[in-house]
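# An overview of the molecular structure
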Amino acid sequence: MIELFFWEGCPSHPEAKSLIEQILGELGRDDEVVMTEVTSDEEAERLRFPGSPTIRIDGRDVDPVGANARPALTCRIYYLPDGRVSPIPSRDQLEAALR
Amino acid sequence: MSIELGTEAPFFELPGVDGYDHSLDEYRDATLLALVQSCNHCPYVLAWEDRLMAVAHDYAHQGVRVVALNSNDVSRYPEDSFERMKERAGQRAFPFDYLFDEDQAIAHALGAEHTPEVFLFDEERKLRYHGAIDDSRDDNAVTRSYLREAIEALLAGDQPPVTETDPVGCTVKWK
């Protein structure tokens, strides 16, 4: 199961969803990406949501290190392999999680 | 709703991470003044940070001043506190002033909505470019460097080729 948790205050989730679907297509899969909007601090706490977007494959965060950040309605920070900051996971990170 | 092109820069006097207060008047000698709505916690700000630093560095000798403003509600986003601003600026050695707009007055006056969001004022402090730093958060994918193009044009006495773009990034965190 592929889950994408997002907060509408951050613009990154459409790009993340699109990248996931692109990778799924390349892998010949048609899994649904289940979208869940997080709308309050309480929900963020309950869902252990460290920021938008948070992507879990069968319950496992695609970025386990970042998953431990404080739950909050915020844009999530990801680090690309070359050290640059990105608002979405890298393609490599998503591919590895989806394989 | 952000201010319209041609609008005068709003007055401000705000504390900076260098320990001094900075006002609009202090930048009176600048040929151009770029006010950039910013913060610490936003990945879009961080993704663009090196490019903003490069702009500040590259045009400083031509009298262009870049000033970053953080107006976010620190009670909900503690990474954006004044202390954390000082830490960030020190770690990165920002070549620009980084000011704390705690009461959000300047963000309101500019009509800022995002971080990062650029307001570039000319020598008479009229708004001449508003929007994104360039056209991609991914520095490998940039095809248009809006802020640089606007600076180059204004320094040459011309109109910026693009005067308004949609800033992409986090929202300003209002109280």
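Overview of the structure. Think of each chain on its own: its residues are numbered from 1, step by step along the sequence as written. Chain A is the first chain written and ligand 1 is the first ligand written, with later ones labelled in order. Note on the predicted model: pLDDT of at least 70 is required for a residue's local features to be given, and 80 or more for side-chain atom pairs to be given and counted; whole-chain, interface and lining totals, by contrast, use all residues.

Here the focus is the sheet that holds strand β4 (residues 60-61) of chain A. All names here are of chain A. By this definition, two strands are paired if DSSP reports at least two bridges between them. In this description a helix means any DSSP run of H or I spanning at least four residues, a strand means any run of E spanning at least two, and both kinds are numbered starting from the N terminus. An order of β2-β1-β3-β4 is seen for the 4 strands of this open sheet, with the pairing classed as mixed. Strand pairing shows two members of the sheet lacking a second neighbour, β2 (33-37) and β4, which therefore form its edges. Here 4 bridges tie strand β1 (residues 2-6) to strand β3 (residues 54-57), and the two strands are oriented antiparallel to one another. Pairing of Glu3 across the sheet is with Arg56, part of β3. Distance between backbone-placed C-beta atoms decides contact: two residues are in contact if it is within 7 Å. Axes here refer to lines fitted to C-alpha atoms; in helices the fit is confined to the stretch in contact. Angles between the N-to-C directions go from 0 to 180 degrees. Contacting β1, β2 and β3, helix α1 (residues 13-26) crosses the sheet at an angle of about 170° to β1.

At the junction of the two partners, chain A supplies 11 residues and chain B supplies 11 residues. Only Asp, Glu, Lys and Arg are considered charged in this grouping, and only Ala, Val, Leu, Ile, Met, Phe, Trp, Tyr, Cys and Pro are considered nonpolar; every other residue, Gly among them, is considered polar. Class assignment for the residues of the side of chain A that touches chain B results in 6 nonpolar, 3 polar and 2 charged.

Turning next to the pairing of strand β4 (residues 64-70) of chain B. Residue and element names in this part refer to chain B. The exposure label follows from counting other C-beta atoms within 10 Å of a residue's C-beta, where the C-beta atoms are placed from the backbone and the thresholds are 20 or more for buried and 12 or fewer for exposed, leaving partly exposed in between. Burial within β4 is extensive, with 5 of its 7 residues counted as buried. In this sheet, β4 lies alongside strand β3 (residues 32-38) in parallel orientation, the contact comprising 7 bridges. Across the sheet, Leu33 pairs through a bridge with Arg65, a residue of β4. Seen with its strands pointing away from the viewer, a crossover is right-handed when the path leading from the first strand over the helix to the second is clockwise. In this fold, the crossover linking β3 to β4 by way of helix α1 (residues 43-59) has right-handed handedness. For β4 and strand β5 (residues 97-100), the ladder comprises 4 bridges, and the chain directions are parallel. The partner of Leu69 across the bridge, within β5, is Leu99.

What follows is about the packing of α1(A) against helix α3 (residues 91-98) of chain A. Residue and element names in this part refer to chain A. The N-to-C vectors of α1 and α3 enclose an angle of 55°; their axes lie 10 Å apart at closest approach. It follows that α1 is oblique to α3 by the angle criterion. Crossing geometry of α1 relative to α3 is assigned as right-handed. Contacts between α1 and α3 pair Leu19, Ile20, Ile23 and Leu24 from the former with Arg91, Leu94, Glu95 and Leu98 from the latter. Angle categories: roughly parallel below 35 degrees, roughly antiparallel above 145, roughly perpendicular from 65 to 115, and oblique for all the rest. Crossing handedness: left-handed means the near helix sits turned counterclockwise from the far one by under a right angle, and right-handed means the same turn made clockwise.

This brings us to the nonpolar core. All names here are of chain B. The nonpolar core criterion groups buried Ala, Val, Leu, Ile, Met, Phe, Trp, Tyr and Cys residues into a set whenever they are joined through C-beta atoms within 7 Å. One finds Ala34, Leu35, Val36, Val67, Val118, Leu120 and Leu147 to be the most contacted residues of the largest nonpolar core, which totals 70 residues. Residue contributions to this core peak at 9 residues, all from α1. For Leu147, the residues in contact, after removing those within four places along its chain, are Ala34, Val55, Val118, Leu120, Tyr129, Ile133 and Asp134.

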